[in-house]
Amino acid sequence: MSPALHELLSRPAPDVAPRLLGAVFVCARDTGTVALRLTEVEAYGGQQDADLPDPGAHTFRGRTARNASMFGPPAHLYVYFTYGLHHAVNFVCRPEGTGGGVLIRSGEVVLGEETATRRRLATRSSHPPFATLARGPGNVAQALGLTLDDDAAPLVDLGATPDPVARAREAVAEREGTVWSGLALAEHPAEDVRSTARTGVSGEGGTDAFPWRFALPGEPTVSPYRRATVKRRRTR
């Protein structure tokens with residue numbers, strides 16, 4: 001791993017997240033390879049007694065068996081199963097022992113469209129439009145073929161380049177036949193970035209006090225913003 005990538009992912013997630021927009025995330029699996037150009041991400045901080053407490057994060061109440069990877073070394077994956085329905089993936093940030101990460105919310109499929117479509121069709125009856133192949137965290141993980149087996153896996157550094165898509169394609173050819181996940185950063189970070197409160201996060205963590213959802217404006221792959229809804233208890 002290059003010092004530059006390690007340094008980036010050792011920083012607090014709100015600093016890292018906008019820098020990831022436009023980067024290309026590659027997941028090579030035995031069942032096929034898919035790469036996404038990242039268009040929407042969310043930053044998550046740490047435990048309640050840390051320097052960046054985040055009531056909306058899995059880390060807030062401390063380390064558990066489920067979230068242990070979020071306290072591990074930076075530049076690894078944190079994959080979890082949510083709502084009993086789908087997986088989601090984060091890039092782990094901060095030095096080991098301090099919780100933090102960036103959730104990958106949406107991306108444009110730039111390599112492996114057929115593979116991503118096949119995986120998405122496993123849980124739906126109609127052909128998904130291209131823009132929705134990796135729109136939303138659950139669709140991201142499904143399109144990439146990520147499961148709990150990928151939790152804590154290292155993230156291969158593919159460098160920073162003017163053309164992350166081309167670099168991703170080169171890396172796939174170089175590593176043909178192996179299982180790996182990697183990231184090619186854009187040499188020049190996106191200048192036009194939209195930030196909002198995080199989508200679907202309940203409580204204080206979903207308010208404007210945490211404007212940690214970052215997206216590329218005008219991208220059809222970006223998921224619609226929605227605030228968390230408070231479920232009222234039924235009364236008799």
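Residues numbered from 1 in each chain as written. Predicted model: local features only at pLDDT ≥ 70, side-chain atom pairs only at ≥ 80, totals over all residues. Heavy atoms only, no water.

Moving on: the confidence of the model for the chain. Here the chain averages 93 in pLDDT, and 95% of its residues register 70 or above. Note that pLDDT drops below 50 for residues 230–236; the model gives that stretch 0 contacts with residues more than four away or on any other chain. (pLDDT = per-residue confidence, 0-100. Contact = heavy atoms within 4.5 Å.)

The subject of this paragraph is helix α2 (residues 13–20). Among the 8 residues that make up α2, 6 are buried, leaving the element largely enclosed by the rest of the structure. Residues of α2 that are buried include every one of Ala 13, Pro 14, Val 16, Ala 17, Arg 19 and Leu 20, and no others. Directly beyond the C-terminal end of α2, a positive phi value near 90° is found at Gly 22. (Buried < 20%, exposed > 50% of the residue type's maximum accessible area, 1.4 Å probe, protein only. Helix = DSSP H or I, 4+ residues; strand = E, 2+ residues; numbered from the N terminus.)

A few words now on helix α4 (residues 137–144). Across the 8 residues of α4, 6 count as buried, placing the element largely inside the fold. Buried positions along α4 lie against β1 (24–29), β2 (32–44), β4 (86–92), β5 (101–111) and α3 (113–121). In the stretch just after α4, Gly 145 is the one whose phi turns positive, near 80°.

Turning our attention to the environment of Tyr 44. Within the secondary structure layout, Tyr 44 lies in strand β2. Counting along the chain gives 103 residues from Tyr 44 to Thr 147, while the straight-line C-alpha distance between them is 20 Å. Here Tyr 44 is in contact with Ala 13, Asp 54, Gly 56, Ala 57, Asn 90, Gly 100, Gly 101, Leu 103, Arg 198 and Val 201, once residues within four sequence places are set aside.

At a minimum axis separation of 8 Å, α3 and α4 run at an interaxial angle of 115°. The handedness of the crossing between α3 and α4 is right-handed. In this structure, α3 contributes Ala 116, Arg 119 and Arg 120 to the contact, and α4 contributes Asn 139, Gln 142, Ala 143 and Leu 144. Counted by class, the contact of α3 with α4 contains 3 nonpolar, 2 polar and 2 charged residues. (Axes fitted to C-alpha atoms, helices over the stretch in contact; angles between N-to-C directions. Left-handed = near helix turned anticlockwise from the far one by under 90°. Nonpolar A, V, L, I, M, F, W, Y, C, P; charged D, E, K, R; others polar.)

Below, the discussion takes up the pairing of strand β7 (residues 180–186). Counting buried positions along β7 yields 7 of 7 residues, so the element is predominantly enclosed. Where burial is concerned, the two faces of β7 agree: the one with Trp 180, Gly 182, Ala 184 and Ala 186 and the one with Ser 181, Leu 183 and Leu 185 are both buried. Taken together, the 5 bridges between β1 and β7 define a ladder with antiparallel strand orientation. Its bridge partner being in β7, Cys 27 is matched across the sheet by Ser 181. With 4 bridges connecting them, strand β6 (residues 156–161) and β7 associate as parallel partners. Looking across to β7, one finds that Val 156 is bridged to Gly 182. After leaving β6, the chain enters helix α5 (residues 164–174) and then returns to the sheet as β7, a path that is right-handed. (Pairing = 2+ DSSP bridges. Right-handed = clockwise from strand over helix to strand, strands pointing away.)

Let us look at the environment of Gly 138. In this structure, Gly 138 sits in helix α4. Sequence separation between Gly 138 and Arg 29 is 109 residues; the distance between their C-alpha atoms is 18 Å. If near-sequence neighbours (up to four positions away) are discounted, Gly 138 is found in contact with His 86 and His 87.

Our focus in this paragraph is the nonpolar core. Leu 20, Phe 25, Phe 91, Val 102 and Leu 183 are the most contacted members of the largest nonpolar core, which has 40 residues in total. Apart from the residues lying within four places of it in its own chain, the contact partners of Val 102 are Ala 13, Val 16, Ala 17, Leu 20, Val 41, Glu 42, Val 89, Asn 90, Phe 91 and Cys 93. Residues Val 26, Ala 35, Val 110 and Trp 180 belong to the second largest nonpolar core, which totals 13 residues. (Core = buried A, V, L, I, M, F, W, Y, C linked by side-chain atoms within 4.5 Å.)

All right, on to the packing of aromatic side chains then. Throughout the structure, instances matching the rule amount to 3 aromatic pairs. When the ring centre of Trp 180 is taken as reference, the NZ or CZ atom of Arg 175 above it lies at 5.2 Å. (Phe/Tyr/Trp six-rings, centres within 6.5 Å; stacked < 30°, edge-to-face > 60°. Lys NZ or Arg CZ within 6 Å of the ring centre and 35° of its normal.)

So, on to the state of the cysteines. All told, the structure shown has 0 disulfides when counted by the stated rule. Free of any disulfide, Cys 27 has its nearest cysteine sulfur in Cys 93, 16 Å distant. On the accessibility criterion, Cys 93 (0% relative accessible area) is buried. (Disulfide = S-S within 2.5 Å.)

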